[in-house]
Amino acid sequence: MSVFFPWVILFNTIIILLYNKLPSRALLYLYTRIRNGFIMIEYIKGKLTELTPAMAVIEAGGVGYGLCITLNTYTSLQAVKNKDNGEDTKLYVHEQLVTGGRDDSFTLYGFSSKQERELYRLLITVNGVGGNTARMILSATTPGDLCNTIASGNEKMLKTVKGIGPKAAQRIILELRDKIVSLGITDELHASAGTDGAATTVNAGIRDEAVAALAALGFSPAPSAKAVTEILRETPDAPVEQVIKIALKMIK
């Protein structure tokens, strides 16, 4: 069980005691101030008690936490549930507090990996992409394929997601193209793979060193990573200096 749960349980108890004496806005304001100062849920680990394609309920410390999930996380949790070996389930958490409207809300989003959560957090930084839209994007494709889509500027794929029009697709690509390479998850996701989506393994160490060197020379990470990956696919044993030299001729 996460070390944060004793704090969470204590805080929830205080909120229940104060609920009848504070209006909802004041209650949410108090929650925000205390949460920002003392509590942030990194992950929830416990028994998976309920699972649907849209939500998972994990019981930890006697509290059932309902988390909105993507279809990718649902697939991962289904495998865990089918095993039914008694092991705890762990979901990485993103907290969303919405105030100021008619319906104030506090929502937990759960992800089976840190990489998917980081992509979600990047998506919601884009103007016009809210929490539910970001969840739909991550449900329509895998994290790796999404990185490929953004890195290659594939607007067509993004526009197939409900709620994503041409302008939103362009903003996602423009604002996130370079950021996805600097996430620290390229080893797993191969963000710079070609548009054909082929899952060809390349030397991650050589790739990352070459991309870093090109970035130091002033080249953007996304096109650099794409070029380096293509080079390593064709010449897997090429030393890093040769990869950099070829990449310098390829990048425009």
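The structure reproduced in this document is the subject of the present report. (Residues numbered from 1 in each chain as written. Predicted model: local features only at pLDDT ≥ 70, side-chain atom pairs only at ≥ 80, totals over all residues. Heavy atoms only, no water.)

1. Notes on the pattern of salt bridges
- Tallied over the entire structure, the rule returns 3 salt bridges.
- Between Glu118 and Arg117 there is a salt bridge; the shortest N-O distance is 4.0 Å.
- The class of Arg117 is buried, set by a relative accessible area of 3%.
- In this structure, Glu118 and Arg121 form a salt bridge, with 3.6 Å as the shortest nitrogen-oxygen distance. You can see Glu118 and its partner Arg121 sitting in helix H4 (residues 114-123), 3 residues apart, about one turn around the helix.
- When salt bridges with common partners are traced through the structure, they connect Glu42, Arg117, Glu118 and Arg121 into a single cluster. (Salt bridge = Lys/Arg side-chain N within 4 Å of Asp/Glu carboxyl O. Buried < 20%, exposed > 50% of the residue type's maximum accessible area, 1.4 Å probe, protein only. Helix = DSSP H or I, 4+ residues; strand = E, 2+ residues; numbered from the N terminus.)

2. As for the nonpolar core
- Counting residues in each nonpolar core, the largest one holds 26 residues, and the members touching the most others are Leu123, Leu158, Ile164, Ile172, Leu176 and Ile180.
- Taken together, the elements giving at least two residues each to this core come down to strand S5 (105-111), H4, helix H5 (131-140), helix H6 (143-151), helix H7 (155-158) and helix H8 (166-176).
- The element contributing the most residues to this core is H8, with 5 residues.
- Beyond its immediate sequence surroundings of up to four residues, Leu176 is in contact with Leu122, Leu123, Thr125, Val126, Ile150 and Arg171. (Core = buried A, V, L, I, M, F, W, Y, C linked by side-chain atoms within 4.5 Å. Contact = heavy atoms within 4.5 Å.)

3. Digging into the side chain of Arg117
- Along the chain, Arg117 turns up in helix H4.
- There is a polar contact of 2.8 Å between the side chain of Arg117 and the side chain of Glu42.
- Dropping the residues within four chain positions of it, Arg117 is found in contact with Glu42, Tyr92, Val93, His94 and Phe111. (Polar contact = N/O pair within 3.5 Å; in protein donor to acceptor, adjacent residues only side chain to side chain.)

4. Details of the packing of aromatic side chains
- The final tally for this structure, using the stated rule, is 3 aromatic pairs.
- A centroid spacing of 6.4 Å and a plane angle of 70° characterise the contact between Tyr43 and Tyr92, whose relative ring orientation is edge-to-face. On the criterion of sequence distance, the pair formed by Tyr43 in strand S1 (residues 43-51) and Tyr92 in strand S4 (residues 89-98) is long-range, its members being 49 residues apart.
- Looking at Tyr43, the relative accessible area reads 24%, which means it is partly exposed.
- The buried category is assigned to Tyr92, whose relative accessible area is 16%.
- Centroid distance Tyr109 to Tyr120: 5.1 Å. Interplanar angle 35°. Geometry classified as tilted. Placement of the pair is Tyr109 in strand S5 and Tyr120 in helix H4, with a sequence separation of 11 residues.
- An aromatic cluster is built from Tyr109, Phe111 and Tyr120, whose rings are joined through pairwise contacts. (Phe/Tyr/Trp six-rings, centres within 6.5 Å; stacked < 30°, edge-to-face > 60°.)

5. Regarding H8
- For H8, the full list of buried residues reads Ala168, Ala169, Ile172, Ile173 and Leu176. Seen along its axis, H8 keeps its buried residues to an arc of 135°; they face one direction. Turned more than 90 degrees from where H8 packs its buried face, Lys167 and Leu174 sit exposed.
- Structurally, H8 contributes buried residues whose contacts are with H4, H5, H6 and H7. (Arc of directions from axis to C-beta.)

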